[in-house]
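Reading the structure
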Amino acid sequence: MSSSSVELRDIHVSFGTLEVLRGVSLSVAAGETACVIGPSGSGKSTLLRATNRLQEPDSGDILLDGTSVVRSNPDKLRQRVGMVFQHFNLFPHRTVLDNIVLPLRDVRRLSRAEAEEIAMARLTEVGLAEKAPFRPAALSGGQQQRVAIARALAMDPEVMLFDEATSALDPELVKGVLDLMAGLAGRGLTLIVVTHEMGFARRVADKVVFMDQGVIVEEGPPEAVFDAPRSPRLKQFLSQVL
Ligand code: ADP
Ligand code: MG
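Just so you know, the residues in each chain are numbered from 1, in the order the chain's sequence is written. Starting at A for chains and at 1 for ligands, labels are handed out in the order in which the entities are written. Reporting in this predicted model follows two pLDDT cut-offs: at least 70 for local features of residues, and 80 or more for side-chain atom pairs to be given and counted; totals over whole chains, interfaces and linings ignore these cut-offs and use all residues. Side-chain metrics rest on all non-hydrogen atoms present in the structure, leaving aside hydrogens and water.

An unreviewed UniProt entry lists the chain under the name Amino acid ABC transporter ATP-binding protein, with Actinophytocola glycyrrhizae given as the organism. According to UniProt, the comment filed for the chain under the heading Subcellular location (unreviewed entry) is "Cell membrane". Word for word, the UniProt comment on the chain under Sequence similarities (unreviewed entry) is "Belongs to the ABC transporter superfamily." UniProt positions are given in the numbering used here, feature names are shortened, and annotations may be inferred rather than shown by experiment.

Moving on, we come to the site of ligand 1. The criterion for a residue being near a molecule or strand is simple. One of its heavy atoms has to lie within 4 Å of it. Close to ligand 1 lie Phe15, Leu18, Val20, Pro39, Ser40, Gly41, Ser42, Gly43, Lys44, Ser45 and Thr46, which account for all nearby residues. Whenever two N or O atoms come within 3.5 Å, that pair is a polar contact, provided that in protein one can donate a hydrogen and the other can accept it, and provided that, for residues adjacent in sequence, both atoms are side-chain atoms. Between ligand 1 and the protein, one listed contact pairs an oxygen atom with a backbone N or O atom of Ser42 at 3.2 Å. In this structure, Thr46 approaches ligand 1 through a side-chain N or O atom, which is 2.5 Å from an oxygen atom. Its free accessible area being 560 Å², ligand 1 has 57% of it covered by the protein chains. Broken down by secondary-structure element, the contributors of at least two residues to the shell around ligand 1 are β2 (18-28) and α1 (44-51). Element by element, the count of residues in the shell around ligand 1 is highest for α1, at three residues. Only the protein chains shown count as cover for residues, with accessible areas throughout obtained via the Shrake-Rupley method and a probe of 1.4 Å. Numbering of helices and strands runs from the N terminus, with a helix taken as a DSSP run of H or I at least four residues long and a strand as a DSSP run of E at least two residues long.

We now examine the nonpolar core. Most often, soluble globular proteins have nonpolar side chains that are buried together. Residues Ile37, Leu123, Ile149, Met160, Phe162 and Met181 are the most contacted members of the largest nonpolar core, which totals 52 residues. Ranked by residues supplied to this core, first place goes to helix α6 (residues 171-186) with seven residues. Throughout, a residue-residue contact means that at least one pair of heavy atoms, one from each residue, lies within 4.5 Å. Residue contacts for Leu123: discarding those within four places in its chain leaves Val96, Leu97, Ile100, Leu128, Ala129, Ala132, Val147 and Ala150. One finds Val6, Val13, Val70 and Val194 within the second-largest nonpolar core, a separate group that totals 26 residues. Note on terminology: a nonpolar core comprises buried Ala, Val, Leu, Ile, Met, Phe, Trp, Tyr and Cys residues joined through side-chain atoms within 4.5 Å. Working definition: with a 1.4 Å probe on protein chains only, accessible area under 20% of the residue-type maximum means buried, over 50% means exposed, and in between means partly exposed.

Glancing now at the environment of Leu238. With respect to the helices, strands and loops of the structure, Leu238 is situated in helix α9 (residues 232-241). You can call Leu238 buried: its relative accessible area is 6%. If we ignore the near neighbours within four places in the chain, the residues touching Leu238 are Ile37, Val225, Phe226 and Pro229.

Right under this line is the structure:
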């Protein structure tokens, strides 16, 4: 697994007159995990979407391994920076296997046989090889999310973005997905994880980033952010979620 550093420099995003990201700068070293926390509407999803240019920033720079990718081909960028969403976004009428094979063939121009080999290896990695012939609806939410993770991993990304990957899951299914994410962190993939799972952030993050109203209010190692918050806004947020 070859991972890259990510650096965001002074990213601004507005929707009409609403400025949703008001100058966000963030550095995540290769192989590190950053967990982004903050209230609903603070701009966390927009920040992730800006990082792989699903949302084009109005201004600012994005660097992967120190090289600006803000004017590169966005499809190439999204191959290098994979993303996993709250609602899995699997194709409902395709098998689990095809959900991984089809994008692989489209994006990496592989033969069916090559793509199937990679897809099966990734499904095996997430513990779901035996689900390959089924439609997503035959799987639990947690299994579907693990398929979505396998699909992203099949592109051999250097960075993975997770946007509340466990928020839509029944409570008993959350741990399996978090364990898989922790495993990726342990293997040295660079991760940026938007999460409400404070236990995960404390355990896995190298850096916790607290966002509010379109800016990073505070960031630091988990012990600093959770045990010694400085800003009133972070203190208030933690008092509501812990
Ligand atoms: P979070 O993920 O922290 O809940 P979001 O990044 O989703 O926050 O949203 C931040 C703000 O931007 C919210 O006020 C939201 O309504 C607004 N917003 C997000 N996406 C769009 C969009 N495509 N068009 C207009 N407003 C948007
Ligand atoms: Mg969000």
